[in-house]
Amino acid sequence: MTQTKILLDETEIPKQWYNIVADFENPPAPPLGPDCKPISPDALAAIFPMALIEQEVSSQRWIDIPDEVRDIYSMWRPSPLVRAHRLEKALGTPAKIYYKYEGVSPAGSHKPNTALAQAYYNREAGIKRLTTETGAGQWGSSLALVGQMFGIEVRVYMVKVSYGQKPFRRSMMQTWGAEVFASPTDMTEAGRKILAEDPDSPGSLGIAISEAIEEAASRDDTNYSLGSVLNHVLLHQTVIGLEAKKQFAKVGDYPDMIFAPCGGGSNFGGVAFPFFADRAAGKDVRLVAVEPASCPTLTRGHYAYDFGDTIGMTPLMLQYTLGHDFVPPSIHAGGLRYHGDSCLVSQLYHEGQIEAVAVPQIATFEAGVTFARSEGIIPAPESNHAVRAVIDEALRCKESAEEKTLFFNLSGHGHFDMASYDKYFAGELVDYEYPEAEIERALHNLPQVAAG
Ligand SMILES: *Cc1c(COP(=O)(O)O)cnc(C)c1O
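Keep in mind that what you see is a predicted model, and the values were worked out from it rather than measured.

Reading the values: the criteria
Residues numbered from 1 in each chain as written. Predicted model: local features only at pLDDT ≥ 70, side-chain atom pairs only at ≥ 80, totals over all residues. Helix = DSSP H or I, 4+ residues; strand = E, 2+ residues; numbered from the N terminus. Contact = placed C-beta atoms within 7 Å. Pairing = 2+ DSSP bridges. Axes fitted to C-alpha atoms, helices over the stretch in contact; angles between N-to-C directions. Parallel < 35°, antiparallel > 145°, perpendicular 65-115°, else oblique. Nonpolar A, V, L, I, M, F, W, Y, C, P; charged D, E, K, R; others polar. Buried ≥ 20, exposed ≤ 12 C-beta atoms within 10 Å, placed from the backbone. Core = buried A, V, L, I, M, F, W, Y, C linked by C-beta atoms within 7 Å.

A.B. asks: Teacher, can you tell me more about the environment of A182 here?
C.D. replies: The residue A182 is located in strand β8 (residues 179-183) in this model. The spatial distance from the C-alpha of A182 to the C-alpha of E133 is 9.9 Å, given a sequence separation of 49 residues. If we ignore the near neighbours within four places in the chain, the residues touching A182 are M158, K160 and Y163.

Written out as structure tokens, the structure reads:
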């Protein structure tokens, strides 16, 4: 029998992160300030430590991982690469399916990979408090976890709809010592503005980001930390793909296609970017971002300069967007309810270097249940998007009798999402129509910037 778990030794935890910008044909478009001129890195210094700002704008191919960060990585890394023999058999596919399992971190997802690095650089810069937003609670719990390790207080603005859906994620954050508020709150100007317009607002990542930034910008001892989207976040997540390359080399295999769920792009970038380096060198590997049909940023959005938050506090970034004031339907994959996307992922998609597909909610849970009943692990609703796309491709391979090697990132487990699975089993989940009218409206509000 061929191997199931492909494991690395702790000494094989990467010593450097991979910066994809070094392999870009065209340099990334700069973020713009309110005057539509490129912002200086200093403009970000009110909310980020300089080390992270430098990483944000760096074009250096390799960036050293501090020893202290590698040391804490060893609590859950290297994560396993698993050959999904039982799923292959259940599907009757000739394709080989592998997944990298990021649910082994204490918080249960890939997000601590960057939370740890961000907390480290903030502590080095003398920061005592961090504010952040969270959707399903995966990011908030990751920052709460590492905040404790570095003696940093963490305050989390949690999207209101998720605050109700995921009460145990809130308990986790509180167990690790963080303060958690349902956003929109009446504690910030941004929150009060949204509540005045819609007292029943379910909240969104964009709104929660506005609240967290507003607080961080108003206090010297406080910085802001973002769980996805930004270049430095994707940089930190490349430990996933770098390990996976070593693991594939151990078994003498290499993926033809790589899939990852895509909200802000951090786990997609983390798993796919190190393989993009091979693609840039001529290797044939297809990279596929999988998003919800109800929040189809890459597949149905515009490539334009837009804000990262709802109120318009962030710099303007060139990205695929559904409009910064688009409030996505309340799907159960809270981590994918974001109007925009990483600039790096967006540029690669725009240049035809990567692919994207959108999948409807019910089909993602169906795929997750198939996965759980063959591989055992119950995936997070976000991860189910990649599971869906991989199963679809494996079934296509069955039709065409192709022995492709498929690889996906199982970005987290779903142990705190069982209420969503209950809804699926009770037949209470709905497939939201592509919210065309709402997206059209939001796209009308894009800031006017002459691109290029
Ligand atoms: C947050 C999250 C995602 C989506 O965020 P990305 O930045 O696109 O990776 C996907 N899966 C899980 C488990 C998450 O927690």
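A.B. asks: Explain the sheet that holds strand β10 (residues 257-261) here, please?
C.D. replies: Paired through their backbone hydrogen bonds, the strands of a sheet run either parallel or antiparallel. In space, the 7 strands of this open sheet follow the order β1-β4-β5-β15-β10-β11-β14, with mixed pairing throughout. In this open sheet, the two strands that pair with only one neighbour each are β1 (5-6) and β14 (355-359). Pairing geometry for β10 and strand β15 (residues 405-410), over 3 bridges, is parallel. Its bridge partner lying in β15, F259 is registered against F408. Against the sheet, helix α12 (residues 266-280) makes contact with β5 (96-101), β10, β11 (286-292) and β15, and its axis sits at roughly 160° relative to β10, the strand it touches most.

A.B. asks: What should I look at first to understand the packing of helix α15 (residues 361-375) against helix α16 (residues 381-400) in this one?
C.D. replies: Any two packed helices are characterised by the angle at which their axes cross and by the distance between the axes. Packing of α15 against α16 brings their axes to within 8 Å, and their N-to-C directions diverge by 80°. The orientation of α15 relative to α16 falls into the category roughly perpendicular. For the pair formed by α15 and α16, the contact residues are A363, T364, F365, A367, G368, T370 and F371 on the first element and P381, N384, H385, V387, R388 and I391 on the second. In the contact of α15 with α16, the residues fall into 7 nonpolar, 5 polar and 1 charged.

A.B. asks: Can you walk me through the pairing of strand β13 (residues 316-321) in this structure?
C.D. replies: Taken residue by residue, a regular strand's side chains alternate between the two faces of the sheet. Across the 6 residues of β13, 6 count as buried, placing the element largely inside the fold. As paired strands, strand β12 (residues 302-307) and β13 are joined by 6 bridges and run antiparallel to one another. Bridge pairing links F307 to L316 in β13.

A.B. asks: Can you walk me through unusual backbone geometry in this structure?
C.D. replies: With the exception of glycine, the majority of residues adopt a negative phi angle, and the majority of peptide bonds are in the trans configuration. Here the bond from R77 into P78 is cis, since omega is -10°, no more than 30 degrees from zero. Residues S183 and P184 are joined by a peptide bond in cis, for which omega reads 10°. Counting through the fold element by element, P184 comes out in the loop between β8 and α8 (189-197). For C36, which is not glycine, the phi dihedral falls at a positive 65°.

A.B. asks: What's the story with helix α14 (residues 343-350) in this structure? I'm lost.
C.D. replies: Residues three or four positions apart in an α-helix share a direction because the helix packs 3.6 residues into each turn. Across the 8 residues of α14, 7 count as buried, placing the element largely inside the fold. Of all the positions in α14, only C343, L344, V345, S346, Q347, L348 and Y349 are classed as buried. Where α14 ends, the next residue or the one after it, G352, has phi of about 75°, a positive value.

A.B. asks: Is there a simple way to think about the sheet that holds strand β9 (residues 222-224) in this case?
C.D. replies: As summarised here, the arrangement of the 4 strands in space is β8-β7-β6-β9, forming an open sheet in which the pairing is parallel. With one partner strand each, in any of the chains shown, β8 and β9 form the two edges of the open sheet. The sheet shows a mean angle of 25° between the axes of neighbouring strands, direction not considered. Strand direction decides the pairing type here: strand β7 (residues 153-159) and β8, joined by 5 bridges, are parallel. Within β8, the position partnered with V156 by the bridge is V180.

A.B. asks: Teacher, can you tell me more about the nonpolar core here?
C.D. replies: Across soluble globular proteins, nonpolar side chains have a tendency to be buried as a group. With 125 residues, the main nonpolar core has I258, A260, A289, V390 and F408 as its most contacted residues. Aside from chain neighbours lying at most four places away, what touches A260 is N267, F268, V271, A272, A289, V290, A386, F408, N409 and S411.

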